[in-house]
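# A structural walkthrough
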Amino acid sequence: MSDHLMLDAATAWLRQECTAAVVRAIDAGASPDALAASFAQLGFDDALRAEADGGLGLGLDEIFPVFEAFGAHALPLPAAERMVARALGVAPPDLPLAHRALVCAALLAGAMRAVFDRSLAYANDRVQFGRPLGKFQAIQHQLAVMAEEVFAARMAARLAYVAADLRHIDPRRVAVAKARTSEAAVEVAAIAHAVHGAIGFTHESDLSLFTLRLHRWRQSAGSESYWHAELGRALVHDHAGPTLDLLRALTETLAVPTP
Amino acid sequence: MTAFDTLAPTRIPPEDEALRGAVRAFLREALRDRPAHERAQSWAGYSPAFSRALGERGWLGITWPKAYGGAQRSAFARYVLVEEFLNAGAPVGSHWIADRQSGPLILKFGTEAQRRAYLPPIARGESFFCIGMSEPNAGSDLASVRTRATPDGHGGWRLNGQKIWTTNAHHCDHMIALVRSSGDAADRQKGLSQFIVDLRSPGVTVRPITDMSGADHFCEVFFDDVPLSADALIGNEGQGWEQVTAELAFERSGPERIFSSIVLFDNWLAWLRTPQGASPEAERRAGRILSQLAPLRALSIAVTERLSLGESPVVEAALVKDLGTTLEQRIATVIADDLASRPDVQPPAELLLTLDHIIRVAPCYSLRGGTREILRGMIARGLGLR
């Protein structure tokens with residue numbers, strides 16, 4: 001199965017099975033077993049294992065949009081962690097912190113995109129003072145800031161997935177990914193609730209299925225402050241010379257030599 | 001929104017990356033005695049001699065065809081050069097505008113004669129340009145410009161009016177001015193054209209304006225019946241607005257929207273690496289800045305690729321500029337807070353001087369090239385809200 005087909009299959013399954021009603025019920029304490037059983041039938045569990053070991057042999061770069069889709073649908077199963085753990089040959093609770101942070105960053109990127117899309121749609125639909133909310137400059141600027149945060153955070157997450165394999169992830173790239181997505185998550189959740197007004201605060205609205213996940217995933221596998229400290233150590237102690245050279249190592253799609 | 005989906009991590013091609021070593025070696029030598037607070041002037045640092053030295057090495061107009069003095073290299077080659085210039089704190093201000101946007105504009109819209117006349121001297125670092133956009137009553141509202149070019153009846157034009165906030169006009173040979181060539185202010189974007197104005201022409205008066213850093217980088221420029229020949233018009237009459245819009249995408253997403261405070265940042269890091277300056281809390285603050293710089297650099301490179309393909313990613317460029325300039329400003333306030341959070345530790349004088357300089361120039365980061373509010377309006381339009 002190619003990465004493209006896998007993303008299509010994942011998206012189709014998420015739309016069909018991982019509906020807001022299902023997520024809400026599981027969040028409220030219902031058993032996730034039926035959803036987990038349905039997910040298992042997709043055969044994704046070994047997507048990241050090498051083909052020689054009976055897996056699909058997908059690379060991290062290829063799995064990124066799938067993990068992102070899990071986040072965008074608020075998937076209430078630890079499916080991504082499970083895929084990574086199986087590829088590493090460890091039990092999910094034994095996943096190293098960096099690998100958990102790597103997964104979280106993609107989930108956050110996806111959930112932020114979903115929250116952004118919902119906020120944009122709501123701003124276009126909701127009419128006050130005779131105009132859609134999105135026509136008010138104060139709302140437009142908040143949505144612009146939200147777009148910037150989602151945009152930058154998604155790139156930060158992707159950088160940890162490009163040109164990397166699960167057994168050799170760059171902890172500094174993971175730090176950028178988890179720190180930037182976590183920092184953005186707080187801002188994105190706050191603006192989404194501001195744009196949605198009281199309705200977004202109700203149990204009936206789906207918004208909190210996502211914004212509560214933004215907060216939860218921000219607090220999982222190290223918040224931004226944890227990773228800022230890690231990055232700061234890498235920059236101040238383990239690096240000498242221009243910041244640019246560390247930036248190059250963090251952002252380019254292949255390793256580059258220092259001139 | 002398309003911007004999320006179209007910008008992927010992009011690799012600078014190895015042949016362009018290969019320029020870095022030579023540029024860095026040259027800069028190390030050339031800037032050996034330049035202190036941090038002067039290097040922190042970044043692209044406002046003015047040195048015609050330095051520009052000529054870059055021209056001699058083929059590092060100006062590097063993307064232009066060889067016939068016009070260029071090296072026919074990719075947009076990534078220029079990216080590598082500019083990134084090195086800014087990170088080293090090279091005084092690139094004299095040729096900055098000509099290399100970044102006047103030259104590309106002439107290449108794209110100019111006649112063959114205009115290209116041959118203007119581009120080679122720019123590439124040699126001998127001819128400097130400024131941008132005539134803002135006017136006293138046309139700041140963010142650029143379409144309300146009133147400076148007017150009137151046909152002189154012999155195929156040429158007469159120019160009357162005033163430009164303001166024109167960076168380096170007092171040091172430049174030419175201005176590319178956006179002016180009204182037909183209709184009136186009510187026509188807005190219609191009836192605007194761009195002209196190449198020789199600033200030594202009779203009727204041109206340039207008056208520098210001192211800014212809050214004490215420097216006189218920007219100017220007022222007055223036009224009193226300035227004669228323009230027919231070939232002063234660049235591009236098509238009446239197409240000035242479209243030409244300016246394309247030009248601004250190049251202006252908004254480059255390394256200069258990320259690295260304006262990088263000399264200060266590196267200078268601060270050097271202090272944090274000493275026993276007296278070391279502080280875990282400061283390291284955490286530095287780590288936060290790095291976590292914001294990294295995705296911005298990747299986004300800026302991704303936008304560069306889109307521009308090099310001839311696209312005009314206006315919204316993406318606006319996103320990069322707003323995020324980038326906000327971070328450039330935050331770097332100064334974070335460092336100030338760190339240093340002052342340890343009042344019993346005396347930081348190096350040069351670090352304090354450099355910080356003081358950045359605090360004085362940082363307000364302009366989110367004004368020049370489109371204010372924060374204008375950019376957010378453009379992003380909102382890109383989102384379909386306007």
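Here the structure is a predicted model, which means the values were calculated and not measured.

Attention shifts here to the overall build of chain B. The secondary structure content of chain B amounts to 14 helices and eight strands. Here the C-alpha radius of gyration of chain B, 21 Å, is about what a compact globule of 386 residues would show, namely 21 Å. Seen through its C-alpha atoms, chain B measures out along the principal axes to roughly 75 × 45 × 45 Å. Scored against the burial criterion, the 386 residues of chain B give a buried share of 54%. Sequence-distant contacts, at least 24 apart, represent 75% of the contacts inside chain B between residues at least 6 apart.

Moving on, we come to the environment of Gln162 of chain B. Residues and elements named next belong to chain B. Mapped onto the fold, Gln162 is located in strand β3 (residues 157–167). Sequence separation of Gln162 and Met133 is 29 residues, and the distance between their C-alpha atoms is 9.9 Å. Apart from the residues lying within four places of it in its own chain, the contact partners of Gln162 are Glu135, Pro136, Thr147, Glu220, Val221, Phe222 and Phe223.

It is worth spelling out the domain arrangement of chain A at this point. Residue and element names in this part refer to chain A. With domains assigned, chain A is organised as domain 1 (1–95) and domain 2 (97–259). The interface of domain 1 with domain 2 comprises 22 residues on the first partner and 21 residues on the second. For the side of domain 1 that touches domain 2, the secondary-structure elements that each account for two or more residues are α2 (20–27), α4 (60–72) and α5 (79–88). Looking at which element gives the most residues to the side of domain 1 that touches domain 2, the answer is α4, with nine residues. Within the side of domain 1 that touches domain 2, the residues separate by chemical class into 15 nonpolar, two polar and five charged.

Parsing chain B into structural domains produces domain 1 (2–127), domain 2 (131–239) and domain 3 (253–382). For domain 2 of chain B and domain 3 of chain B, the distance between their C-alpha centroids amounts to 32 Å.

Residues and elements named next belong to chain B. Inspection of the secondary structure assignment puts His95 in helix α7 (residues 93–109). Along the backbone, His95 and Arg52 are 43 residues apart, and their C-alpha atoms lie at a distance of 9.0 Å. Leave out the neighbours within four places in its chain, and His95 touches Ser51, Leu60, Ile122, Gly125 and Phe128.

Residue and element names in this part refer to chain A. Closest axis-to-axis distance for the helix α8 (residues 171–196)/helix α9 (residues 207–219) pair is 9 Å, and the angle between their directions is 155°. As far as their axial angle goes, α9 and α8 are roughly antiparallel. Of the two elements, α8 crosses α9, and the hand of that crossing is left-handed. For the pair α8 and α9, the contacting residues are Ser182, Ala185, Val186, Val188, Ala189, Ala192, His193 and His196 in the first and Leu207, Thr211, Leu214, His215, Trp217 and Arg218 in the second. When its residues are assigned to classes, the contact of α8 with α9 shows eight nonpolar, five polar and one charged.

Moving on, we get to helix α3 (residues 19–30) of chain B. All names here are of chain B. Helix length check: α3 (twelve residues) gives 17 Å between terminal C-alpha atoms against 16 Å at 1.5 Å per residue, within 8%. Along α3, the positions that sit buried rather than exposed are Leu19, Arg20, Val23 and Leu27. Buried residues of α3, seen end-on, are gathered within an arc of 90° and therefore sit on one face of the element. Pointing more than 90 degrees away from the buried face of α3 are the exposed residues Ala25, Arg28 and Glu29. Packing partners of the buried residues in α3 comprise α2 (14–17) and α6 (75–88).

Turning our eyes to something else, we now look at the interface of chain A and chain B. Contact residues are listed per partner, giving 44 residues for chain A and 44 residues for chain B. When residues of the side of chain A that touches chain B are traced back to their parent elements, those giving at least two are α6 (97–125), α7 (137–161), α8, α10 (224–236) and α11 (243–251) of chain A. Of all the elements, α7 of chain A adds the most residues to the side of chain A that touches chain B, at 14 residues. Within the side of chain A that touches chain B, the residues separate by chemical class into 27 nonpolar, nine polar and eight charged.

This part covers the nonpolar core. Counting residues in hydrophobic clusters, the biggest one holds 210 residues, and the most contacted among them are Leu108, Met112, Leu143 and Val188 of chain A together with Phe195 of chain B. Broken down by element, this core gets its largest block of residues, 18 residues, from α6 of chain A. If sequence neighbours within four positions are ignored, Leu108 of chain A has contacts with Gly71, Ala153, Thr181, Ser182, Ala185, Leu214 and Trp217 of chain A.

Below, the discussion takes up unusual backbone geometry. All names here are of chain B. Even without a glycine there, the phi angle at Ser42 is positive, about 55°. Examined against the element boundaries, Ser42 turns out to sit in the loop between α4 (36–39) and α5 (48–56). Under the C-beta neighbour-count criterion, Ser42 is labelled buried, with 27 such atoms within 10 Å. One non-glycine residue, Arg188, lies in the positive phi region at around 55°. Relative to the elements of secondary structure, Arg188 occurs in the loop between β4 (174–180) and β5 (192–198). A count of 15 C-beta atoms within 10 Å places Arg188 in the partly exposed class.

Bringing the pairing of strand β7 (residues 218–228) of chain B into the picture now. Residues and elements named next belong to chain B. Both β3 and β7 contribute to a ladder of nine bridges, which runs antiparallel. Residue pairing for β7: Leu159 is matched across the bridge by Val226. In this sheet, β7 lies alongside strand β6 (residues 204–209) in antiparallel orientation, the contact comprising six bridges. For Val206, the partnering residue across the bridge sits in β7 and is Val221.

Once that is clear, we can look at the packing of α7 of chain A against helix α12 (residues 314–340) of chain B. The description of two packed helices rests on the angle between their axes and on the distance between the axes. Taken N-terminus to C-terminus, the directions of α7 of chain A and α12 of chain B make an angle of 90°; their axes are 10 Å apart at the nearest point. Considering the angle they form, α7 of chain A stands roughly perpendicular to α12 of chain B. From α7 of chain A, Ala147, Glu148, Phe151 and Ala152 of chain A reach across to α12 of chain B, where they touch Leu319, Asp322 and Leu323 of chain B. Classifying every residue of the contact of α7 of chain A with α12 of chain B gives five nonpolar, no polar and two charged.

The subject of this paragraph is α12 of chain B. Over its 27 residues, α12 of chain B runs 39 Å from end to end, which matches the ideal 39 Å to within 8%, given 1.5 Å per residue. Burial of α12 of chain B is extensive: 19 of the 27 residues sit out of reach of the surface.

A few words on the environment of Pro76 of chain A. Residue and element names in this part refer to chain A. Its place among the elements puts Pro76 in the loop between α4 and α5. When the 20 C-beta atoms within 10 Å are taken as the criterion, Pro76 is described as buried. Distance in space between the C-alpha atoms of Pro76 and Val22 is 8.8 Å, their sequence separation being 54 residues. Once residues lying within four places of it in the same chain are set aside, the contact partners of Pro76 are Val23, Ile26, Asp27 and Pro32.

Scoring rules and cut-offs
- Residues numbered from 1 in each chain as written.
- Chains lettered and ligands numbered in written order.
- Predicted model: local features only at pLDDT ≥ 70, side-chain atom pairs only at ≥ 80, totals over all residues.
- Helix = DSSP H or I, 4+ residues; strand = E, 2+ residues; numbered from the N terminus.
- Rg over C-alpha atoms; globule rule 2.2 N^0.38 Å.
- Buried ≥ 20, exposed ≤ 12 C-beta atoms within 10 Å, placed from the backbone.
- Contact = placed C-beta atoms within 7 Å.
- Domains from an automatic or database assignment.
- Nonpolar A, V, L, I, M, F, W, Y, C, P; charged D, E, K, R; others polar.
- Axes fitted to C-alpha atoms, helices over the stretch in contact; angles between N-to-C directions.
- Parallel < 35°, antiparallel > 145°, perpendicular 65-115°, else oblique.
- Left-handed = near helix turned anticlockwise from the far one by under 90°.
- Expected span 1.5 Å × (residues − 1).
- Arc of directions from axis to C-beta.
- Core = buried A, V, L, I, M, F, W, Y, C linked by C-beta atoms within 7 Å.
- Pairing = 2+ DSSP bridges.

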